[in-house]
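Observations on the model geometry
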Amino acid sequence: MDSQIHSYQVNHLKQLESEAIFILRETAAQFDKPALLFSGGKDSIVMAHLARKAFHPARLPFPLLHIDTGHNFPETLTYRDEFVADLKARLIVALVQDSIDRGTAREEKGPNPSRNAIQTVTLLEAIESNQFDACLGGGRRDEEKARAKERFFSHRDDFGQWDPKNQRPELWNIFNGRKHHGEHFRVFPLSNWTEMDVWQYIKAEKIPLPNLYFTHERVVFKRAGAWLAVSEFVTLGEDEEPLKKTVRFRTIGDMTCTGAVESEASTLDEIIQEVATARQTERGTRADDKRSETAMEDRKKEGYF
Amino acid sequence: MSDENITAGYLDMDLLRFTTAGSVDDGKSTLIGRLLYDSKNTFEDQMEAVERSSKQRGDENINLALLTDGLRAEREQGITIDVAYRYFATPKRKFIIADTPGHIQYTRNMVTGASTANLAIILVDARLGVIEQTCRHAFIADLLRIRHIVLAVNKMDLVEYSQEAFDKIVDEFKRFASRLDNLVDITAIPISALHGDNVVTKSDKMPWYHGPDLLYHLETVYIGSDHNHVDPRFPVQWVIRPHSDEHHDYRGYAGRVAGGVFKPGDDVVIQPSGFATKIKSIDSFEGPVEEAFAPLSVTVTLEDEIDISRGDMIAKPNNQPHKSQEIDAMICWFSDKTKLALRGKYFLRHTTREVKAIVEEVRYKVNINTLHKIEDDLEFSLNDIGRISLRTSAPLLYDSYRRNRITGSFILIDQHTNETVAAGMIV
């Protein structure tokens, strides 16, 4: 310990952690009613873990909000409920099905129906009905090119829209969360993290993850270059053949649009090794991003995560 | 290397934030693309997407700028709209690049990118040498107090890799830099971003150059002393009161250390109240810690029960921040919709404190190409930099920006639009 005391060197994970905790506390301090968007994916798990650290020994000063498309992997929901109980946090679940039943969202037609786009409707409805004025998201700038342009504190107008060409500059560690009535913010504490940082942090902090991230056998089929899980939510086309494969998931979203990668990685070290040598971005497995070159930007402008 | 070694090495990395500054066509995007590509930090699907778009746009070569330009408007118009952050890592360090584009918001963007940077790469075209923009970039790097500068003399291939051309540019730059206060650590590197000379590997075309290649320099430049570890400053961000049976009387002050070192048992003073007490413990989720220093986020508990809230500052009796309602500052104006108004009122954010501020005096503007003071035109519009005096509704607890970037910086917010209209550095 003695040799470290006067070096004041802080490794990059500690710096990222310290920055994220600062952002989480700043969100609690600057807003009246924040919520943490929790999907059961690794980024939101890391964010919730950081929130626990930020306010320890008190509980989180905000609830978790899950936008539930109904197209979840069952493992995600099991994990979610255990995680929330352990955290002693409050969980609010907003169902996309409710929006469909209300007639505010309409189910996609066609061979590849996805609820990815319409969950924005449910999210904005949940924000409005709960009067949330800030939603913490696990988005990272390295994920996707439109996300690379995001601020830590990202302003949304009273329609929930993002205007990427008119964002507030962010300097030093001063964050401007001032807003007019009806507007809200999306806050991204993991902005400066990469996929590798997230995995390294999960390992360093021994954070338990849903087993979907580790290798397992699964019946999958190929669609648009990705291995999708066979489930009740997808209808196989004539030329789509179910196959049993040894796979894992690099990201977790809906069963209808999250592609698996063939992998034998069963430990965090093996996953880290795989990430280090990966030649595809993690969202390369996401059919929702591939609909057009600016699919993410277009969805984000509407109010997506 | 075994898996364990990769993990161990990665956990030992530190973080360097740098910004890149160059004029249009200096090859900035190519350089960043080269750094990402040659250090194997681009992915196949990204490169395929860039190739596809390049072809569609009719670009002759693969346009590496498309790696950094993400928005529809940027790709359509071939411009970069605002600061883009890029990430890459080598086994030694993780890097965050703030890529700041030119065009109309240039100064505003570079000031933003520079505010969190340890190092600035200033690009010059070897054929053109030090031009007006180069001086502007150096001035902003100096103003924002970036300690380390790399003068990257690019396009060496177009001047036949000539040492004479390189030396002349370096001399010229150093002559200009000597007029600035903080630019002391300058490393000049001759490169060709297009061909990769001296970017991630040493070039064999310039045997007369004995210094490091760019990546090696970025990996090894010493940044350990960039934070202030001398003046103890702890801006209180949030008060932790669990209200639980287990922690009934717990009262913790959460925040991120802005300067100096704090230890349990230290005598401290709380400002602005002036109350004195001692640090009882420094807490983290993992348990108590022995010391806290910038930039760590921790929770401090105190021996005495004192009324403390967000915006207060914990310091030490023998080393306290300035406390005043009158401040002098250099500012950069950020708004393209409004101009700075004399007697105008703004919200001022400084550390975790927000007050109202009124502009008492506009002293001068700076011509950032020549460093001359302008005293006959005091109207601040987008990108203007100069010195003003402010009076605040409550005291600020501050240090000069030169002494501490965190306790010496602030932003001004428009009271009606809520937009951030200026960045300020306290003199």
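Quick note: structure is the one above.
Counting restarts for each chain: residues are numbered from 1 in the order of the written sequence. For this description, chains carry letters from A and ligands carry numbers from 1, given in the order in which they are written. Local features in a predicted model are, by the rule used here, given only for residues with pLDDT of at least 70; side-chain atom pairs are given and counted only at 80 or more, and totals for whole chains, interfaces and linings are based on all residues. Side-chain numbers come from the whole structure's heavy atoms, not from hydrogens or water.

1. A few points about the overall build of chain A
Heads up, the condition is: Here a helix means four or more residues in a row that DSSP labels H or I, a strand means two or more in a row labelled E, and each is numbered from the N terminus. In this description the radius of gyration comes from C-alpha coordinates, and the expected globular size is given by 2.2 Å times residues to the power 0.38. Exposed residues in this analysis have more than 50% of their type's maximum accessible area, buried residues have under 20%, and partly exposed residues fall in between, with area computed by a 1.4 Å probe over protein chains only.
Of the regular secondary structure elements, chain A holds nine helices and ten strands. The C-alpha atoms of chain A give 19 Å as radius of gyration, which agrees with the globular expectation for 305 residues (19 Å, within 12%). Each principal axis of the C-alpha atoms in chain A carries an extent, and together these give about 65 × 50 × 40 Å. Scored against the burial criterion, the 305 residues of chain A give a buried share of 63%.

2. Side note on the interface of chain A and chain B
Here is the rule we go by: Any two residues whose heavy atoms approach within 4.5 Å are treated as being in contact. A 1.4 Å probe defines the accessible area here, and the buried area is the portion of it lost by two parts on being joined, summed over both. Salt bridge, as applied in this entry: a Lys or Arg side-chain nitrogen positioned within 4 Å of an Asp or Glu carboxyl oxygen. Polar contacts, as used here, are pairs of N or O atoms within 3.5 Å; protein pairs need one atom able to donate a hydrogen and one able to accept it. Residues neighboring in sequence count only if both atoms are side-chain atoms.
The partner chain B presents 87 residues to the 75 residues of chain A that form the contact. Interface area for chain A against chain B, summed over the two sides, is near 7200 Å², with a carbon-plus-sulfur share of 55%. On the surface where chain A and chain B come into contact, there are five salt bridges. Across the pair Lys53 of chain A and Glu286 of chain B runs a salt bridge whose closest N-O atoms are separated by 2.6 Å. Between the two partners, chain A and chain B, sit 27 residue pairs in polar contact (both at pLDDT 80 or more).

3. Digging into the packing of aromatic side chains
What counts here: Two rings belonging to Phe, Tyr or Trp (six-membered ring only in the last case) form a pair when the distance between their centres is within 6.5 Å. Interplanar angles under 30 degrees mark stacking, angles over 60 mark edge-to-face geometry, and anything in between is tilted. A ring has a charge above it when a Lys NZ or an Arg CZ is no more than 6 Å from the ring centre and no more than 35 degrees off the ring normal.
Taken as a whole and judged by the stated rule, the model has 22 aromatic pairs over all chains. On the basis of an interplanar angle of 75° and a centroid distance of 5.8 Å, the ring pair of Phe55 of chain A and Trp238 of chain B is categorised as edge-to-face. Note that Phe55 of chain A is positioned in helix 3 (residues 42–55) and Trp238 of chain B in strand 8 (residues 238–240), a pairing that runs across two chains. Phe55 of chain A sits in the buried class, given a relative accessible area of 1%. Ring pairing ties together the aromatic residues Phe22, Phe31, Phe152, Phe153, Phe175 and Phe185 of chain A, which thus form one cluster. When the ring centre of Phe22 of chain A is taken as origin, the NZ or CZ atom of Arg256 of chain B, which lies over that ring, is 5.7 Å away. The cationic tip of Lys373 of chain B hangs over the ring face of Tyr364 of chain B; the distance from NZ or CZ to the ring centre is 4.6 Å.

4. Quick word on helix 2 (residues 28–38) of chain B
Among all positions in helix 2 of chain B, only Lys28, Leu31, Ile32, Gly33, Arg34, Leu35 and Leu36 of chain B are buried. Packed against the buried residues of helix 2 of chain B are strand 1 (14–21), strand 2 (84–89), strand 3 (93–99), strand 4 (119–125) and helix 8 (214–220) of chain B.

5. As for empty space enclosed by the protein
Using the following cut-off: Think of a 1 Å grid over the protein atoms and nothing else: a 1.4 Å probe that fits but is trapped marks a cavity, an open set flanked by protein within 12 Å on at least five of seven lines marks a pocket, and residues with an atom within 4 Å of a point count as lining. Grid points are joined across faces, edges and corners, and a volume is the space filled by probe spheres set on the points. Gly is put with the polar residues, along with every residue not named as nonpolar or charged; the nonpolar set is Ala, Val, Leu, Ile, Met, Phe, Trp, Tyr, Cys and Pro, and the charged set is Asp, Glu, Lys and Arg.
Tallied over the full model, the rule gives five cavities of 30 Å³ or more. Reported here for the largest cavity is a volume of approximately 860 Å³. Residue lining of the largest cavity: 47 residues in total, with Arg17, Ser115, Thr116, His227 and Arg405 of chain B positioned closest to the centre. For the lining of the largest cavity, the secondary-structure elements that each account for two or more residues are helix 2 (12–30) of chain A together with strand 1, strand 3 and helix 5 (106–114) of chain B. When the residues that make up the lining of the largest cavity are grouped by side-chain class, the tally is 22 nonpolar, 14 polar and eleven charged.

6. Here we look at the sheet that holds strand 4 (residues 134–136) of chain A
Two pairing modes exist for strands in a sheet, parallel and antiparallel, and in both the strands are linked by backbone hydrogen bonds. Residues and elements named next belong to chain A. Selection rule: We treat two strands as partners when DSSP finds at least two bridges between them. Note on method: axes are straight lines fitted to C-alpha atoms, helices fitted across the in-contact stretch only, with angles between N-to-C directions ranging 0 to 180 degrees.
With respect to topology, six strands assemble into an open sheet ordered 3-2-1-4-6-5, the strand pairing being mixed. Across the chains shown, the open sheet's two edge strands, defined by having one partner strand only, are strand 3 (91–95) and strand 5 (153–156). Between one strand axis and the next, the sheet turns by 30° as a mean value, whatever way the strands run. Pairing geometry for strand 4 and strand 6 (residues 184–187), over three bridges, is parallel. Its bridge partner being in strand 6, Leu136 is matched across the sheet by Val187. Those strands touched by helix 6 (residues 119–130) are strand 1 (34–37), strand 2 (64–68), strand 3, strand 4 and strand 6, and its axis lies near 145° from that of strand 2.

7. Things to note about the state of the cysteines
Selection rule: Throughout, a disulfide means two cysteine sulfur atoms within 2.5 Å of one another.
The final tally for this structure, using the stated rule, is zero disulfides over all chains. Free cysteine Cys135 of chain B: the closest other cysteine sulfur is in Cys332 of chain B, separated by 17 Å.

8. Some thoughts on unusual backbone geometry
When glycine is set aside, most residues are seen to have a negative phi, and most peptide bonds are trans. In the segment running from His56 of chain A into Pro57 of chain A, the intervening peptide bond is cis, with an omega of 5°. Here the residue pair Ala294 of chain B and Pro295 of chain B is connected by a cis peptide bond, since its omega of 5° sits within 30 degrees of zero. Its place among the elements puts Pro295 of chain B in the loop between strand 14 (292–293) and strand 15 (297–302). Here the phi dihedral of Arg145 of chain B falls at roughly 60°; this positive angle occurs in a residue that is not glycine. As for its placement among the helices and strands, Arg145 of chain B is situated in the loop between helix 6 (132–143) and strand 5 (148–154). For Lys155 of chain B, which is not glycine, the phi dihedral falls at a positive 65°. Topologically, Lys155 of chain B is positioned in the loop between strand 5 and helix 7 (163–177).

9. Remarks on the pattern of salt bridges
Residues and elements named next belong to chain B. Under the criterion given, the structure shown has 46 salt bridges over all chains. Where Lys92 meets Glu219, a salt bridge forms, and the shortest distance between an N and an O atom there is 3.8 Å. Separated by 127 residues along the polypeptide, Lys92 in the loop between strand 2 and strand 3 and Glu219 in helix 8 bring together distant segments of the chain. A salt bridge links Lys316 to Asp266; the shortest N-O distance between them is 2.9 Å. With Lys316 in the loop between strand 16 (313–315) and strand 17 (322–333) and Asp266 in the loop between strand 10 (261–262) and strand 11 (267–271), the pair connects residues that are 50 residues apart, well separated along the chain.

10. A short note on the packing of helix 3 of chain A against helix 7 (residues 195–205) of chain A
All names here are of chain A. The test is simple: Put simply, angles under 35 degrees are roughly parallel, angles over 145 are roughly antiparallel, angles from 65 to 115 are roughly perpendicular, and the rest are oblique. Here is the rule for handedness: rotate from the far helix to the near one, and if that takes an anticlockwise turn smaller than a right angle the crossing is left-handed, while a clockwise turn gives right-handed.
Relative to each other, helix 3 and helix 7 sit at 55°, their axes nearing to 11 Å. Judged by the inter-axis angle, helix 3 sits oblique to helix 7. Seen along the crossing, helix 3 lies across helix 7 with a hand that is left-handed. Contacts from Lys42, Asp43, Val46, His49, Leu50 and Lys53 of helix 3 reach helix 7 at Glu195, Val198, Trp199, Tyr201, Ile202 and Glu205.

11. Focus on the side chain of Ser284 of chain B
Topologically, Ser284 of chain B is positioned in strand 12 (residues 275–284). Assessed through its relative accessible area of 19%, Ser284 of chain B is described here as buried. A polar contact of 2.9 Å, which involves the side chain of Ser284 of chain B, links it to the backbone oxygen of Gly287 of chain B. In this structure, Ser284 of chain B is in contact with His56 of chain A together with Val289 of chain B, ignoring residues within four places of it in sequence.

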